[in-house]
Amino acid sequence: MSSRRDFLGELWRGTGGALLAASALILHRALRAAAPAPRETTLSAEAVSRAIAEGGAEWGDLFVTGPPSAPAALSLACTHLGCRVRPASSGGFACPCHGSRFTADGSRTAGPARASLSRALLERRGASWVARL
Amino acid sequence: MGGSALTEAPPGGARSPSGDLGRLAFGFLAVSALSGLALVPFFSPAHALESLERLHDGMPWGFFLRALHAYSSFGLLVTTVAHLVQVLARRTERQLSAGAWWRSVLLFPLTFLALLSGFVLRGDAAAAEALPVWSRIAETVPFLGPELQRLLLGVIPGDVGAISLHHAGTFTFLLWLITAEHGRRLVPDARSLVLAGLVSAALAGAVPLTLGPPPGASPSGAAQILLGPWYLLGLQGALVDLPVPSAWLAPLLLVLLLGFVRGADGRARRLLLVLAGAWVAAWVGFTARILLLAR
């Protein structure tokens, strides 16, 4: 038979456990609701033209390339673990973290990445281009 | 925990080498925490690399303070591993209760998390790449991945504010709490603290640390690989060949292997230790793998 002290101890522990579980649930719901929104990057038409004239250039997390009438933007995030790929000396792109390789148009050629580099959706808005990833 | 229990000799006895290493690990933890506290006024999560460059180049002894923090953290990792090896070799793990043993085993992933979060706070090119890697690894944890990723890394992509709080607060607090329980002391003894401080200071003075290039800079070397921190090269190498979830499955496996050692006898204990040894050998192999790839 448990004493009054034991009973109160169990009660405090049970209440504490319930409060902890409730707090964890609230935190879980808050974290779930904090999913980042799709990112948009605005590129000025002038910068896009300059990038295309140079044969392609980095713009933030994107690599912008031609043709001028329908520019394309590749995400520079490696599809393996998200490291920023760099232009490789041998052409295309190389991931500095685990050695994945991609061609200039973003197709995967080697390394642990399973997919090609993502292409951003480019949309003309007035004098600018908006890239959505 | 009573006041006398906080200062009594740790399990293993005062002359036990494993006890000495454990106390030294506590000393390194204290030096790391104190030097980290001293770094707080100079560090800005929003301008991580810039603030550390200013500390390095513009403050008297700034480079030394940061190196002291880093070397004491490395000392914590090395002495903790050495302490575990001696405990297992001397079969003294049963001096701890089962619960305390499991919590002590958790010191390993916690130490790695503390060190990795410190590495990310450097804000240079290699640190900037570690952030998305950590984020993607956390996302692959079943059921809780995205929530765990946001809890550890914050909800603002690329921002290290949450990590800096975890580094200085959560991880340090948990490390201290479990270490204090493990060693049955609230603070390290004076000899361990002084010894850890002297070793860290000697290394900080003799082998100054540098910061890497800013984020986005291309790595040097033909293979164009940015090497992560030395203690995580095994993980970096493993991720070249193994699926991404192995980054959390493998540490979990090691924690389970070590955790179950305490309750195992005879052949079962030997099997667990052989498997843990194979785990370590694989880690060393993957470290060699990434170093060769980076050449």
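Participant: Can you walk me through the overall build of chain B in this structure?
Facilitator: Counting secondary structure elements, chain B contains 13 helices and zero strands. In chain B, the order of α-helices and β-strands from amino to carboxyl end is α-α-α-α-α-α-α-α-α-α-α-α-α. Taking 2.2 N^0.38 as the reference for a compact globule, 295 residues should give roughly 19 Å; the C-alpha atoms of chain B span a radius of gyration of 19 Å, in line with that estimate. In terms of overall dimensions, chain B has C-alpha extents of about 50 × 45 × 35 Å along its principal axes. In chain B, which comprises 295 residues, the proportion classed as buried is 47%. Counting only contacts in chain B whose residues sit at least 6 apart along the sequence, the fraction spanning at least 24 positions is 78%. Just so you have it, chain B exposes about 14,100 Å², and 71% of that area is on carbon and sulfur atoms. Charge-centre separation for chain B: the mean point of 20 positive side chains lies 12 Å from the mean point of 15 negative side chains.

Participant: How should I be thinking about the interface of chain B and chain A in this particular structure?
Facilitator: One widely used convention gives an interface's size as the accessible area the parts lose upon coming together. Listed per partner, the contact involves 28 residues of chain B and 26 residues of chain A. Regarding the contact of chain B and chain A, the summed buried area is about 2,100 Å², with carbon and sulfur atoms giving 56% of it. At the surface where chain B touches chain A, the tally comes to two salt bridges. In this structure, glutamate 147 of chain B engages arginine 32 of chain A in a salt bridge whose closest nitrogen and oxygen atoms are separated by 3.0 Å. For the interface between chain B and chain A, the tally reads nine residue pairs in polar contact (both at pLDDT 80 or more). Secondary-structure elements contributing two or more residues to the side of chain B that touches chain A are α7 (125-139), α8 (145-153), α11 (233-241) and α13 (266-294) of chain B. When residues in the side of chain B that touches chain A are grouped by element, the largest group, six residues, is from α7 of chain B. For the side of chain B that touches chain A, the per-class residue count stands at 20 nonpolar, four polar and four charged.

Participant: For this particular structure, what's the right way to read unusual backbone geometry?
Facilitator: Both trends apply: most residues other than glycine have a negative phi, and most peptide bonds are in trans. All names here are of chain B. Although it is not a glycine, tryptophan 61 sits at a positive phi angle of roughly 65°. Note on placement: tryptophan 61 falls in the loop between α3 (48-58) and α4 (62-90). When its relative accessible area of 59% is taken as the criterion, tryptophan 61 is described as exposed. Phi at arginine 184 is positive, roughly 55°, even though this residue is not glycine. Looking at the element boundaries, arginine 184 is found in the loop between α9 (161-183) and α10 (190-206).

Participant: Sorry, what's going on with the packing of helix α5 (residues 98-105) of chain B against helix α6 (residues 107-120) of chain B here?
Facilitator: Packed helix pairs are specified by the crossing angle of their axes together with the interaxial distance, meaning the distance between the axes. Residues and elements named next belong to chain B. Interaxial distance between α5 and α6 falls to 4 Å at its minimum, and their mutual angle equals 25°. By the criterion of interaxial angle, the relationship of α5 to α6 is roughly parallel. Where α5 abuts α6, its residues Arg103, Ser104 and Val105 lie against Leu107, Phe108 and Pro109. Tallied by class, the residues present in the contact of α5 with α6 amount to four nonpolar, one polar and one charged.

Participant: I'm lost on the sheet that holds strand β10 (residues 128-132) of chain A in this one. Help?
Facilitator: Sheets are built from strands that pair by backbone hydrogen bonding, the pairs being arranged parallel or antiparallel. All names here are of chain A. Reading across from one edge, β1-β10-β9-β4-β3-β2 is the order of the six strands in this open sheet, with antiparallel pairing throughout. Two strands bound the open sheet, and with one partner strand each, they are β1 (40-44) and β2 (57-59). Each neighbouring strand pair of the sheet contributes to a mean axis angle of 35°, computed without reference to strand direction. In this structure, strand β3 (residues 62-65) lies alongside strand β4 (residues 72-75), joined through four bridges in antiparallel fashion. Paired with phenylalanine 63 across the bridge in β4 is leucine 74. Sheet contacts for helix α2 (residues 45-53): β1, β2, β3, β9 (119-125) and β10; angle to β1, the most-contacted strand, approximately 80°.

Participant: I would appreciate a short explanation of the side chain of histidine 80 of chain A in the present structure.
Facilitator: Along the chain, histidine 80 of chain A turns up in the loop between β4 and β5 (86-87). Within the local environment of histidine 80 of chain A, its side chain forms a polar contact with the side chain of histidine 98 of chain A, the two groups lying 3.5 Å apart. Once residues within four sequence positions are removed from consideration, histidine 80 of chain A is found in contact with His98, Ser100, Pro112 and Ala113 of chain A together with Arg136, Leu239 and Val244 of chain B.

Participant: Would you explain the domain arrangement of chain A in this entry?
Facilitator: Domain parsing of chain A yields domain 1 (1-35) and domain 2 (40-132). Between domain 1 of chain A and domain 2 of chain A, the C-alpha centre-to-centre distance is 49 Å.

Participant: Is there a simple way to think about the pattern of salt bridges in this case?
Facilitator: Where charged atoms of side chains with opposite charge meet at close range, the side chains can pair. All names here are of chain A. Summed over the entire model, instances satisfying the criterion amount to 18 salt bridges over all chains. For glutamate 123, the salt bridge is made with arginine 125, and the minimal N-O distance between the two is 3.3 Å. The class of glutamate 123 is partly exposed, set by a relative accessible area of 30%. One salt-bridge network, in which partners are shared between bridges, spans Glu40, Glu123, Arg125 and Arg132.

What counts, and at which threshold
- Residues numbered from 1 in each chain as written.
- Chains lettered and ligands numbered in written order.
- Predicted model: local features only at pLDDT ≥ 70, side-chain atom pairs only at ≥ 80, totals over all residues.
- Heavy atoms only, no water.
- Helix = DSSP H or I, 4+ residues; strand = E, 2+ residues; numbered from the N terminus.
- Rg over C-alpha atoms; globule rule 2.2 N^0.38 Å.
- Buried < 20%, exposed > 50% of the residue type's maximum accessible area, 1.4 Å probe, protein only.
- Contact = heavy atoms within 4.5 Å.
- Areas by Shrake-Rupley, 256 points an atom, 1.4 Å probe, with all protein chains shown as cover.
- Lys, Arg positive; Asp, Glu negative; His and termini not counted.
- Charge placed at Lys NZ, Arg CZ, Asp CG, Glu CD.
- Buried area = accessible area lost by both parts, 1.4 Å probe.
- Salt bridge = Lys/Arg side-chain N within 4 Å of Asp/Glu carboxyl O.
- Polar contact = N/O pair within 3.5 Å; in protein donor to acceptor, adjacent residues only side chain to side chain.
- Nonpolar A, V, L, I, M, F, W, Y, C, P; charged D, E, K, R; others polar.
- Axes fitted to C-alpha atoms, helices over the stretch in contact; angles between N-to-C directions.
- Parallel < 35°, antiparallel > 145°, perpendicular 65-115°, else oblique.
- Pairing = 2+ DSSP bridges.
- Domains from an automatic or database assignment.

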